[in-house]
Amino acid sequence: MQEEYYASMGMPTNLRSLGVEEDKLEKLALDCSRNKTRTLIGYRPLAYEDVLEIFRMAY
């Protein structure tokens with residue numbers, strides 16, 4: 001539903017539409033986790049594997 005709304009305004013709705021190449025997802029997750037040395041805190045702690053999975057779902 002939200003995806004359709006954003007698409008109707010011409011906004012990107014996934015990483016692919018932003019021009020991110022699939023083979024760059026691991027690099028993005030590594031950068032986000034500072035080479036697997038940092039866990040993002042929040043509602044649920046996110047380690048490298050979690051971030052990579054989110055990026056794959058957003059692709």
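These notes cover the structure that comes with them. (Residues numbered from 1 in each chain as written. Predicted model: local features only at pLDDT ≥ 70, side-chain atom pairs only at ≥ 80, totals over all residues. Heavy atoms only, no water.)

1. Some thoughts on the pattern of salt bridges
Under the defined criterion, the tally for this structure stands at 3 salt bridges. Measuring nitrogen to oxygen at the nearest pair gives 2.7 Å for the salt bridge that ties Lys27 to Asp31. Highlighted residues: Lys27 and Asp31, both in helix α2 (residues 25-32), separated by 4 residues, approximately one helical turn. You can call Lys27 partly exposed: its relative accessible area is 48%. Arg44 is paired through a salt bridge with Asp50; the nearest N and O atoms lie 3.5 Å apart. (Salt bridge = Lys/Arg side-chain N within 4 Å of Asp/Glu carboxyl O. Helix = DSSP H or I, 4+ residues; strand = E, 2+ residues; numbered from the N terminus. Buried < 20%, exposed > 50% of the residue type's maximum accessible area, 1.4 Å probe, protein only.)

2. Some details on the environment of Ser8
Counting through the fold element by element, Ser8 comes out in helix α1 (residues 2-8). On the basis of relative accessible area, Ser8 is assigned to the exposed category, the value being 59%. Between the C-alpha atoms of Ser8 and Tyr59, which are 51 residues apart in sequence, the distance is 19 Å. Side-chain polar atoms of Ser8 contact the backbone oxygen of Tyr5, separated by 2.6 Å. (Polar contact = N/O pair within 3.5 Å; in protein donor to acceptor, adjacent residues only side chain to side chain.)

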